[in-house]
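Listed below, chain by chain, are the residues.
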Amino acid sequence: MRRSDVTLFTSRETQGWENDTVELVVRAGLVRQFGSGLFGFTPTGERVRRNVVRRIETEMDAIGGQAISLPNLQHKAIWEQSGRWGSFEGEMFTFENRDGQEMCLAPSHEEGIVHLVDGFVRSYDDVPLLLYQVERKHRDDHPRNGLLRTKEFTMKDAYSLHATEASLDELYTRVREAYCRIFDAVGVDFVVASAQNSVMGGSASEEFIAPVETGSLELVSCQTDGCRFGVTDESPDHSIDAGDSCPDCDETLVASEGIEIGHVFKLGTRYSEPAGLTVDTADGTSQLVQMGSYGIGVERLIHTLAEQHADESGLRWPVTDHGSVAPYTLAIVPLDYDGDIEAAADQLHHACGREETLLFDDATQTIGERFAESDLLGIPWKAVLGNHYRETGAVELETRDGEKRFVALDDVADIVGR
């Protein structure tokens, strides 16, 4: 993309948000607020959001998930059937339509998934089945901490259906492992903590918690590489304290705040029983369907990456073996966009992929403004074309962390694409 063709929504001014991360994602032009608990994504922010969603979808597809789409607008009947109408922690948006029928904006889709498969999932041969979507959810929550607690948000929610508890246990483990791969792939640091099922119901659940300086949970966790142990102030075993030995690796536990970025539930027959959702078994009897539910908060994940990795210059999106969720992979920063430097910049723009690179061709920007904007956006690589290039023909290639090297123009695409 050419900078002259792109509206980035970046700002140099602070706006007095409640914490530095919220301030940063707004100043970097990822989002704009539409009112308390409501945010819209700009083109830059949407690029990041879609990169996150693609990584999630890749892992869900790899374990046999099938994508669906369920309506957010739902009638009262299926929520009354499950017993959750009016009891969703006071956070459900409810209203009457023009015909006087009571409806809601779905805060979750367990009821919806049961309605979707009812009459089609009939036999043990039809399960196990893993269905997922990446859709908006709505909860009349008390907004706080920017993207962490909003009234409308994006969630990857998945649901599994099974004939037996053993089958549920097996797929639950596979989804749990896929979540670990997702979070590792985007570069977020996290632990796994036992959790309460609360309004969701079921027999067991676990949360994926990111240790941060400013979060929404009190967390005690192990910081040893490869150990994922953690407990929160909401965990069933929250009596474990900082300074205790980790039950998994015996290292010392530390205290911090945390952000919930994912949650997995064994629902059992909590939703199939009130709906009478059964499958025929091999011996001719019928069995209530066993279910699992699995969620990842997309905006929460973006906020967490910013919280964990940003520095004084702006955002820093981690680069892993799977790439980065940054809006652009490479910033091409010419000293002056004319002559031989213009030709080299255009060559790089083409070789490195026009959609994945940001070419600073706007003559109204100073070289300092180009550097600052690239760092604010967290673009992992900068290719600098200046006097050194004119004198030697070598491109100054710099990472977001400040590591520099000089390389041939034709080598840049291979290096940044690794």
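Scroll up to find the structure this text is about.
Calculation notes
Residues numbered from 1 in each chain as written. Predicted model: local features only at pLDDT ≥ 70, side-chain atom pairs only at ≥ 80, totals over all residues. Heavy atoms only, no water. Axes fitted to C-alpha atoms, helices over the stretch in contact; angles between N-to-C directions. Helix = DSSP H or I, 4+ residues; strand = E, 2+ residues; numbered from the N terminus. Parallel < 35°, antiparallel > 145°, perpendicular 65-115°, else oblique. Contact = heavy atoms within 4.5 Å. Nonpolar A, V, L, I, M, F, W, Y, C, P; charged D, E, K, R; others polar. Expected span 1.5 Å × (residues − 1). Buried < 20%, exposed > 50% of the residue type's maximum accessible area, 1.4 Å probe, protein only. Core = buried A, V, L, I, M, F, W, Y, C linked by side-chain atoms within 4.5 Å. Pairing = 2+ DSSP bridges.

1. A look at the packing of helix α1 (residues 20-27) against helix α7 (residues 298-309)
Turning to step 1, where the next piece is worked out: At a minimum axis separation of 9 Å, α1 and α7 run at an interaxial angle of 110°. Accordingly, the angle class assigned to the pair α1 and α7 is roughly perpendicular. Here T21, V22 and V25 of α1 come into contact with α7, specifically with H303, A306 and E307.
Turning to step 2, where the next piece is worked out: For the contact of α1 with α7, a count of residues per class yields 3 nonpolar, 2 polar and 1 charged.

2. Comments concerning helix α5 (residues 165-186)
Turning to step 1, where the next piece is worked out: An ideal rise of 1.5 Å per residue puts 32 Å on 22 residues; α5 measures up with 32 Å between its terminal C-alpha atoms.
Turning to step 2, where the next piece is worked out: Among the residues of α5, S167, L168, L171, Y172, V175, A178, Y179, C180, I182, F183, A185 and V186 are the ones counted as buried.
Turning to step 3, where the next piece is worked out: A positive backbone phi angle near 90° is found at G187, which sits one or two residues after α5.

3. Some remarks on the nonpolar core
Turning to step 1, where the next piece is worked out: Counting 52 residues, the largest nonpolar core has Y179, F183, V188, F208, I261, Y294 and W317 as its most contacted members.
Turning to step 2, where the next piece is worked out: Tallying contributions element by element places α5 first for this core, with 10 residues.
Turning to step 3, where the next piece is worked out: Setting aside residues up to four positions removed in sequence, V188 forms contacts with F183, A210, I261, L301, T304, L305, Q308 and H309.

4. Overview of the environment of I113
Turning to step 1, where the next piece is worked out: By the element assignment, I113 lies in helix α4 (residues 110-117).
Turning to step 2, where the next piece is worked out: Counting along the chain gives 275 residues from I113 to H388, while the straight-line C-alpha distance between them is 60 Å.
Turning to step 3, where the next piece is worked out: Look past the residues within four positions of I113 in its chain and what remains in contact with it is I68, L70, L131, Y159 and M291.

5. Some words on the sheet that holds strand β18 (residues 357-359)
Turning to step 1, where the next piece is worked out: Pairing is mixed across the open sheet formed by 5 strands, whose spatial order is β18-β17-β19-β20-β21. Looking at the sheet topology across the chains shown, the edges are occupied by β18 and β21 (404-408). Strand-to-strand twist across the sheet, computed as the mean angle between neighbouring axes with direction ignored, equals 25°.
Turning to step 2, where the next piece is worked out: As paired elements, strand β17 (residues 330-334) and β18 share 3 bridges and run parallel to each other. From the neighbouring strand, I332 faces β18, where its bridge partner is L359.
Turning to step 3, where the next piece is worked out: Contacting β17, β18 and β19 (381-385), helix α8 (residues 339-351) runs over the sheet at an angle of about 155° to β19.
Turning to step 4, where the next piece is worked out: Lying on the sheet, helix α9 (residues 367-377) is in contact with β17, β18, β19 and β20 (394-399); it crosses β17 at an angle near 175°.

6. Comments concerning the sheet that holds strand β6 (residues 102-105)
Turning to step 1, where the next piece is worked out: If you trace the 3 strands from one edge of the open sheet to the other, you get β4-β6-β5, paired in antiparallel fashion. At either end of the open sheet lies a strand with only one pairing partner, and these are β4 (73-75) and β5 (93-96). Ignoring strand direction, the axes of neighbouring strands in this sheet form an average angle of 35°.
Turning to step 2, where the next piece is worked out: Across 4 bridges, β5 lies against β6 in antiparallel orientation. Looking at β6, one finds that F93 is bridged to L105.

7. A short note on unusual backbone geometry
Turning to step 1, where the next piece is worked out: In this model, V127 is joined to P128 through a cis peptide bond whose omega is 5°.
Turning to step 2, where the next piece is worked out: Considering the arrangement of structural elements, one finds P128 in the loop between α4 and β7 (129-138).
Turning to step 3, where the next piece is worked out: Residues other than glycine seldom take positive phi values, yet F9 does so here, at roughly 65°.
Turning to step 4, where the next piece is worked out: Within the secondary structure, F9 sits in the segment before α1.
Turning to step 5, where the next piece is worked out: Of note in the backbone geometry, D250 takes a positive phi value of approximately 75° without being a glycine.

8. Some words on the environment of D411
Turning to step 1, where the next piece is worked out: Looking at the element boundaries, D411 is found in the loop between β21 and α11 (412-416).
Turning to step 2, where the next piece is worked out: When its relative accessible area of 38% is taken as the criterion, D411 is described as partly exposed.
Turning to step 3, where the next piece is worked out: Taking the C-alpha atoms as reference, D411 lies 9.9 Å from A394; in sequence the two are 17 residues apart.

What is shown is where atoms sit, not what they do.
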